[in-house]
Each structure stands twice: as C-alpha cells, then as structure tokens.
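Take a look at the letters that make up each chain.
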Amino acid sequence: MAGGHGDFHPVKLDPAIERWNSMREFVYKHFKFTPRITRQVVTWGVAVPVGLWYLASVTDDRYNFAGVRKGTSALRNPPPAPPAADE
C-alpha cells in the first residue's frame, strides 16, 4: 500500500517497527504457557466467569424493581418488620 513504486518510497520504513509487526503476525508460533500466563488464563478464563455466574444465580429473582417506591424494599420477599416496641 504505502510501499511506493519502483525506487520511489514515500514512507520511510523503520526496522524496529517492521520487527515488531513481524513478531505480532507470528505470535502463535512463539507462544508458550508460563506460570504467569497460566495464572492469567485460569483467572480471566475460569474464575471470573464462574464468579459472575454464581453472583447472577444467587441474586436471580431476588429483587423486583418494577414499581418500587421510595421507602419500600426492592426485595421480592422482604424480611418481616421488627415488632413495635410498646411502652
């Protein structure tokens, strides 16, 4: 694209950027699982989705936000009110 025609090169190529681009193109050939990468894969690929699933399943059908007014509970089954103190 920006390589030019013949001996005309409007863009000066930087060898460092070309090496970096080459490395990025072939990262799958040089990738290795290290302990650090393994921890990241387990954390972001397993622990976070399982944690979000657990949070969603625990709070599923617990709240009812439709028509909630100020001073009322958003819980579907609110805890019973404490007994009034008679003095």
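Residues numbered from 1 in each chain as written. Predicted model: local features only at pLDDT ≥ 70, side-chain atom pairs only at ≥ 80, totals over all residues. Heavy atoms only, no water.

Asks: Give a description of the overall build of the protein chain that names residues and reports values.
Replies: Counting its secondary structure elements, the protein chain contains 3 helices and 0 strands. Taken against the 2.2 N^0.38 rule, which gives 12 Å for 87 residues, the C-alpha radius of gyration of the protein chain at 30 Å runs more than 25% over that of a compact globule. Principal axes of the C-alpha set define a box for the protein chain whose edges measure 100 × 35 × 25 Å. Split by element, the accessible area of the protein chain, about 8,700 Å² in all, is 62% carbon and sulfur. Taking the average location of the 11 positive side-chain charges in the protein chain and that of its 8 negative ones, the two points are 6 Å from each other. (Helix = DSSP H or I, 4+ residues; strand = E, 2+ residues; numbered from the N terminus. Rg over C-alpha atoms; globule rule 2.2 N^0.38 Å. Areas by Shrake-Rupley, 256 points an atom, 1.4 Å probe, with all protein chains shown as cover. Lys, Arg positive; Asp, Glu negative; His and termini not counted. Charge placed at Lys NZ, Arg CZ, Asp CG, Glu CD.)

Asks: Quick rundown of the packing of aromatic side chains? Include the residues and the values.
Replies: For the structure on display, the rule yields 1 aromatic pair. Between phenylalanine 31 and phenylalanine 33, the aromatic rings sit 5.2 Å apart at their centres with planes inclined by 80°, giving edge-to-face as the arrangement. Take phenylalanine 33: its relative accessible area is 59%, and that puts it in the exposed class. (Phe/Tyr/Trp six-rings, centres within 6.5 Å; stacked < 30°, edge-to-face > 60°. Buried < 20%, exposed > 50% of the residue type's maximum accessible area, 1.4 Å probe, protein only.)

Asks: Explain a nonpolar patch on the surface to me, and be specific about the residues and the numbers.
Replies: Residues Val42, Val46, Val50, Trp53, Tyr54 and Val58 make up a contiguous nonpolar surface patch of roughly 620 Å² in combined accessible area. Exposure remark for valine 58: the relative accessible area of 40% places this residue in the partly exposed category. (Patch = residues over 30% accessible without salt bridge, like charges linked within 9 Å, V, L, I, M, F, W, Y side chains within 5 Å. Salt bridge = Lys/Arg side-chain N within 4 Å of Asp/Glu carboxyl O.)

Asks: Lay out helix α3 (residues 35–59) in plain terms, naming residues and giving numbers.
Replies: Its 25 residues place the ends of α3 34 Å apart at the C-alpha level, agreeing with the 36 Å of an ideal helix rising 1.5 Å per residue. Of all the bends in α3, the greatest, near 30°, is centred on threonine 43. In the stretch just after α3, aspartate 61 is the one whose phi turns positive, near 60°. (Expected span 1.5 Å × (residues − 1). Bend = angle between axes of the 7 residues up to and from the residue.)

Asks: Go over the environment of arginine 62, please, and point to the residues and values.
Replies: Mapped onto the secondary structure, arginine 62 falls in the segment after α3. The class of arginine 62 is partly exposed, set by a relative accessible area of 41%. In sequence terms arginine 62 and serine 73 are 11 residues apart; their C-alpha atoms lie 11 Å from each other. Not counting chain neighbours up to four residues away, the residues in contact with arginine 62 comprise Ala74, Leu75 and Arg76. (Contact = heavy atoms within 4.5 Å.)

Asks: Before we move on, could you go through the confidence of the model for the protein chain and cite the residues and values that matter?
Replies: Overall, the predicted model of the protein chain reaches an average pLDDT of 85, with 93% of residues at or above 70. The element-level mean pLDDT for the protein chain is lowest in helix α2 (residues 27–30), coming to 90, with α3 highest at 95. (pLDDT = per-residue confidence, 0-100.)

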